[in-house]
Amino acid sequence: MLTVVLSGLRARWAAFLGSFLALALGVGLLTTMGLGLASTFDAPERAPQRFASAPVVVKGKDAVTVDVRRGPDTASVSRPLDRPQPVDTELLGELKARWTVTTAGGPDAVGVHGPAAEIRTLVGDRAQVLTGNERRLADPEPGRDAEALVALNSLLGTAGGVTTFVSVFVVASTFAFAVALRRREFGLLRTAGATPGQVRRMLLAEAAGVGVLASATGCSLGAWGAPWLARVLVDGGLAPDWFTIGAATWPLHAAFWTGVTVALAGAVAASRRAGKVGPTAALREADVDTDVLPLGRALLGTGLLLTGAGLLVWTCVTEPSELLKRKTYTTVPMLLITGVALLAPLLVRPVARALRLPGATGMLVRENSAAAVRRTAAVAAPVLVTVALAGSLLGSATTVTSTKAAEAREQTAARWVVSGEDLRPVPGASATGATSVFVRDGAEALVKYGARAVSDPAAFADLARLPVVAGDVRDLDDRSIVVDEEWERRTVGERVEVWLADGSGPVRLRVVAVLARGTGDNGPYVTRANAPGAVVDRIEAEAVGPGPEALAAAGGTVRTVEAWAAATHPTTSRETRLGLLLVLGIALVYTVIALANTLLMATSVRGEELASLRLAGATRGQIVRVVTGEAALAVAIGAFLGLAVTAVDLGVLGAGLAALSAPVALSVPWGAVGAAAGMCGAVAVAASALPAWRATR
């Protein structure tokens, strides 16, 4: 058996080349992403800078701490404040009376030159006492290094997940199609006395050989490419300047064994099917496409399709705000894509027959595509994956950000908006600033909400066009609050217990209005009396009020409301777009490999069919046009199915936005979808034309 396997690998190296390249690339990308991901787990330990010479740092309050229920007991939970609070004046006087105290850059912390134990006893619970490396918590933005890695961690994790998803799909499809082309060979082996188990073991051994070689090659490529990826991420602004690849080795092991497992998993279904066919049946059906959708594949595809659609609908009905999160619109569409791709053999024939292509060549292209279901589905499926990923990922991301911009524009009747830091009030205009409030969610959690502090409630109410579902924002005063539907307690007239931006509280405020949830930026709103430390960062004025010249005195940037919405709510950030394009680039490379490999294999075994067409009077050019037309039609079918999946994803997202009472601004990335489909079409035509031209010499 080993001799047969090695001979088969040598004789059919071209057929295995596509699987080898796809798997090696997949393992290489997994290795690269894994090494990058391992490097994001720990931010570098930085030495204290602001108070490097002081042995002890006394730091003001920088979090609000509240007791919540944990089972039968209670526990303290903390949430960070927007900015640290100053050290208490009385405490500062006591420290200065006993030890040398140094200040550096603000009143939120001081360095104390004295014994830590005595300082801790004096301070008690009035402030924080930091010693050793903890003193770096008094530096500006002490968590900036860890925060800088959060988005990078998410990006690399998503890219690794897409790589695994696409590589499994491509390798499995390639093995399945290769087995379909080798039915005559299997029939001869069965006639010669090979058992079904021997046929299965032969295919699995071939897959294992390809898997081991490709995985080893991929690990080498990945280890070489990881430092290059780090440089690209830093240069693209997706990673901080200090980011480098660490010395972790577990990504190499994980990627290698994942590659071998993917190769074996991709061959299992094909080997089981090959082993079940009898000798005469294999010979009789070698050139006829029958049983193109086995029961197991049909059940799996239907299950994934129903699961993906069910999750989308369930999320839209029960928690529509989840549809706006990247983890949802990145992962859930993969279920739909996989389900439709598995059912592709069932879908391509009616789609192909529904088309009316002109002329005899068009008729032949249509009928050949409908008859050769396996070949058409093998070409259409990877195109479907790429087009659906491009449409769903980019479309969802752009739709969410476009909706946020439209929502911001609709929530004000202002003509002019001034934005900036610490703006000066302008008579006759509405001034607001950013703040925070903290509230218990049930009895088990403490939630922090970004809020807006209103300077003049009357001017604010005149210009605001908020999506009010209950109450009236004109009733807002120093003893009340405007909340949205996300709050647990949101009945008009009910009093809620909140902690303010400086950690003070609790303060009991009366709910005077409830807003629709929207995209997540609808409130809450409080007055400046309940927003300690807040400064004005936005001034809004209507057309009949202060003009641009008067508003310029506020000290910020004056824009029309349309320009302000476009500037503060861009369609997609550069970093997000680069990350999505990285993911889509991976899918496109896989698709190109799959298309080229499938069409080279499929066209190379059609020598007798093409010779028959020549004998029937077809010219060489006509035959090449038929073959390339079939490839182009299969790509078009895949693009059509990919757009159908995109339409479902974006349609459900639009329904979710409508349920949140947000403006629906659906955006289909036609440029990216067209570029992906065009690239697939060009590769498919080239990969089918070359072997067809050679076969008709």
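The text that follows walks through the structure, step by step, so that each part is easy to find.

**Some thoughts on the pairing of strand 13 (residues 507–515)**
Then, number 1: Of the pairings in the sheet, the one linking strand 10 (residues 468–471) to strand 13 comprises three bridges and is antiparallel in character. Note that in strand 13 the partner of Gly471 across the bridge is Ala513.
Then, number 2: Looking at chain direction, strand 11 (residues 480–484) and strand 13 are connected through five bridges and run parallel. Looking across to strand 13, one finds that Ser480 is bridged to Arg510.
Then, number 3: Where strand 12 (residues 495–499) lies against strand 13, four bridges are found, and the strand directions are antiparallel. Bridge pairing in strand 13 links Val496 to Leu509.

**Things to note about the environment of Ala360**
Then, number 1: Along the chain, the position of Ala360 falls in helix 13 (residues 359–371).
Then, number 2: A sequence separation of 29 residues divides Ala360 from Leu389, and the C-alpha atoms of the two residues are 35 Å apart.

**A few points about the environment of Pro115**
Then, number 1: In this structure, Pro115 sits in the loop between strand 5 (109–113) and helix 4 (116–123).
Then, number 2: With relative accessibility at 38%, the residue Pro115 sits in the partly exposed group.
Then, number 3: Residues Pro115 and Val483 lie 368 residues apart in sequence; the distance between their C-alpha atoms is 48 Å.

**Some details on the packing of helix 13 against helix 20 (residues 620–659)**
Then, number 1: Closest axis-to-axis distance for the helix 13/helix 20 pair is 9 Å, and the angle between their directions is 55°. Put simply, helix 13 runs oblique to helix 20. Crossing geometry of helix 13 relative to helix 20 is assigned as right-handed. Between helix 13 and helix 20, the residues in contact are Thr361, Leu364, Val365, Arg366, Asn368 and Ser369 and Arg625, Val626, Gly629, Glu630 and Leu633, respectively.

**Focus on the packing of aromatic side chains**
Then, number 1: The final tally for this structure, using the stated rule, is three aromatic pairs.
Then, number 2: On the basis of an interplanar angle of 20° and a centroid distance of 4.9 Å, the ring pair of Tyr449 and Trp487 is categorised as stacked. A residue pair is termed long-range when its members are at least 10 positions apart, and Tyr449 in strand 9 (residues 445–454) and Trp487 in the loop between strand 11 and strand 12 qualify at 38 residues.
Then, number 3: The exposure class assigned to Tyr449 is buried, which follows from its relative accessible area of 11%.
Then, number 4: Classification of Trp487 as buried rests on a relative accessible area of 2%.
Then, number 5: Note on Phe460 and Tyr525: the rings are 5.1 Å apart at their centroids and 40° apart in plane angle, and the pair reads as tilted. With Phe460 in helix 15 (residues 457–463) and Tyr525 in strand 14 (residues 525–527), the pair connects residues that are 65 residues apart, well separated along the chain.

Rules used in this analysis
Here the residue index of a chain counts from 1 through its sequence in written order. With pLDDT at 70 or above as the cut-off, local features in this predicted model cover only qualifying residues; side-chain atom pairs require 80 or more to be listed or tallied, and sums for whole chains, interfaces and linings still use all residues. Each side-chain value is derived from all of the structure's non-hydrogen atoms; neither hydrogens nor water enter the calculation. Should DSSP find at least two bridges between two strands, the strands are taken to pair. Elements are defined by DSSP. Helices are runs of H or I of four residues or more, strands are runs of E of two residues or more, and each kind is numbered from the N terminus. Burial status follows relative accessibility: with a 1.4 Å probe on protein chains alone, a residue under 20% of its type maximum counts as buried, one over 50% as exposed, and anything between as partly exposed. Fitting a line to C-alpha atoms yields each axis, with helices limited to the stretch in contact; the angle taken between N-to-C directions then spans 0 to 180 degrees. Roughly parallel means an angle under 35 degrees; roughly antiparallel, over 145; roughly perpendicular, 65 to 115; everything else is oblique. Each crossing gets its hand from how the near helix is turned against the far one by less than a right angle, where anticlockwise is left-handed and clockwise is right-handed. We call two residues contacting when some pair of their heavy atoms lies within 4.5 Å. Each pair of aromatic rings taken from Phe, Tyr and Trp, with Trp reduced to its six-membered ring, is defined by centres within 6.5 Å and is described as stacked if the planes are under 30 degrees apart, edge-to-face if over 60, and tilted in the remaining cases.

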